[in-house]
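Letter by letter, the chains look like this.
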Amino acid sequence: MSQQIIPLTEIQKRLREFKLSGMMSALEIRLKQATEEGLSYTEFLSLLLEDEVNRRADNKRSKLYKKAKLPFEKGIEDFDFSFQPSIRKQEILELATCRFIEKKTNLLLIGQPGTGKTHLSVALALAALGRGKTVLFTTVWDMITLLQQSRADYSYQRKIQSYLVPDLLILDELGYRSMAESTVEDFFEIVSRRYERGSIIITSNRTLVEWDTVFIDKTLTTAVVDRLMHHCSLVEIKGESYRVRKR
Ligand code: ADP
Ligand code: MG
């Protein structure tokens, strides 16, 4: 029984329809390779399957990176530890193993502006992404603003969920602006619902004793600090701004 031969472009079209875009884009080059190197049918097919597997892994990876919403991409290798001797490099390297994420504990990075808090949080985010963890980076301000807005269009619960789902939530710049009372409750909602369920990294230019002024309400401050600090590492950067040094 003779089979009708499908033209190459038609095969590619069908591969696309079957969502096998890795195979589709590699097909032509693999066919050429098969002829040139005399590959067996099995060798040819397994190469093509590998192309599909790799494409899917790449897609998954870039999706994870995109969803993390990192402000920039700088790793631990880009951080000059000699400029901030108050930071123990070993401690940061330990955090980069992501064991703290598996244990669902938190990290608090405290230091003056320019001392590398955002940089380190991004570096830890990249380490986590490299291990296939899900991450979300946001400033505290953006998060509480979006949560407030979501009350108006009834998407509040969904919005809350989006901050609960990632393995690691980074809340950058706590304390740069003081919060309105209603937003403090939203902040507390996130912290208490992630408690022992998912890690948070918080960066702040204020020491813990100053958090009263950030959260206004003393009772809520105690509640936030209590939950956050129960399982938490604290990295206090006692150095100068890297930006100032460079000038
Ligand atoms: P912070 O969040 O504490 O205000 P950033 O992390 O934004 O500070 O750092 C400011 C800039 O300086 C960034 O571009 C960051 O990459 C860089 N930087 C800060 N500290 C260091 C460091 N020790 N080594 C290399 N770059 C640094
Ligand atoms: Mg910062």
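Before reading further, recall that the structure is shown in the block above.
In this report, the structure presented in the accompanying data block is examined. (Residues numbered from 1 in each chain as written. Chains lettered and ligands numbered in written order. Predicted model: local features only at pLDDT ≥ 70, side-chain atom pairs only at ≥ 80, totals over all residues. Heavy atoms only, no water.)

Examining the nonpolar core
Here is the rule we go by: Only buried residues count toward a nonpolar core, which is a set of Ala, Val, Leu, Ile, Met, Phe, Trp, Tyr and Cys residues joined through side-chain atoms within 4.5 Å. For every residue, the accessible area obtained with a 1.4 Å probe (protein chains only) is divided by the maximum for its type, and the residue is called buried under 20%, exposed over 50%, and partly exposed between those limits. Secondary structure follows DSSP: runs of H or I at least 4 residues long count as helices, runs of E at least 2 residues long count as strands, and numbering of each begins at the N terminus. Contact definition: two residues touch when any of their heavy atoms are within 4.5 Å.
Counting residues in each nonpolar core, the largest one holds 32 residues, and the members touching the most others are L70, I92, L124, L129, V135, L168 and I201. Contributing elements (two or more residues each) for this core: α3 (41–68), α4 (89–96), α5 (99–102), β1 (106–111), α6 (117–130), β2 (135–139), β3 (168–174) and β5 (232–237). Take this core: its biggest share by element is 9 residues, from α6. With sequence-adjacent residues up to four places away left out, L168 is seen in contact with F100, I101, A125, A128, T134, V135, L136, R194, S199, I200 and I201. Listed in part, the 29 residues of the second largest apolar core include Y156, Y163, F187 and V191.

A look at the sheet that holds strand β4 (residues 199–204)
Just so we agree on the cut-off: Between any two strands, pairing holds if DSSP finds at least two bridges. In this description, a line fitted to the C-alpha atoms serves as the axis of each element, helices being fitted only across the stretch in contact, and the angle between N-to-C directions of two axes falls anywhere from 0 to 180 degrees.
Taking strand neighbours across the sheet as the criterion, the 5 strands line up as β2-β3-β4-β1-β5 in an open arrangement whose pairing is parallel. At either margin of the open sheet sits one strand with a lone partner, and together these are β2 and β5. Taking the axes of each pair of neighbouring strands and ignoring which way they run, one obtains an average angle of 10 degrees across the sheet. Of the pairings in the sheet, the one linking β3 to β4 comprises 5 bridges and is parallel in character. Within β4, the residue paired with I170 across the bridge is I201.

Considering the site of ligand 1
Which entries qualify depends on this criterion: To be near a molecule or strand, a residue needs just one of its heavy atoms within 4 Å of it. Definition of a polar contact: a pair of N or O atoms within 3.5 Å, with one able to donate and the other able to accept a hydrogen when the atoms are protein atoms, and with sequence-neighbouring residues admitted only if both atoms are side-chain atoms. For accessible areas, the Shrake-Rupley method is used with a probe of radius 1.4 Å. Any residue's cover is judged against the shown protein chains and nothing else. The residue classification treats Ala, Val, Leu, Ile, Met, Phe, Trp, Tyr, Cys and Pro as nonpolar and Asp, Glu, Lys and Arg as charged. All others, Gly included, are polar.
The full set close to ligand 1 counts 14 residues, and K74, G114, K117, T118 and H119 are the nearest of them. Within the side chain of H119, one N or O atom sits 2.7 Å away from an oxygen atom of ligand 1. Measuring from an oxygen atom of ligand 1, one finds a side-chain N or O atom of R243 at 3.3 Å. A total of 550 Å² of accessible area belongs to ligand 1 in isolation, and the protein chains cover 89% of it. Where the shell around ligand 1 is concerned, the elements lending two or more residues are α6 and α12 (242–246). The greatest single-element share of the shell around ligand 1, amounting to 3 residues, is contributed by α6. Residues belonging to the shell around ligand 1 are distributed by class as follows: 3 nonpolar, 6 polar and 5 charged.

Details of the pattern of salt bridges
Let me state the cut-off plainly: Salt bridges are defined as contacts in which a side-chain nitrogen from Lys or Arg sits within 4 Å of a carboxyl oxygen from Asp or Glu.
Taken as a whole and judged by the stated rule, the model has 10 salt bridges. Of the charged contacts in the structure, one is a salt bridge between R56 and E52, with a shortest N-O distance of 2.7 Å. Residue R56 and its partner E52 are both found in helix α3; the two are separated by 4 residues, about one turn of the helix. Residue D212 pairs with K218 through a salt bridge whose shortest N-O separation is 2.9 Å.

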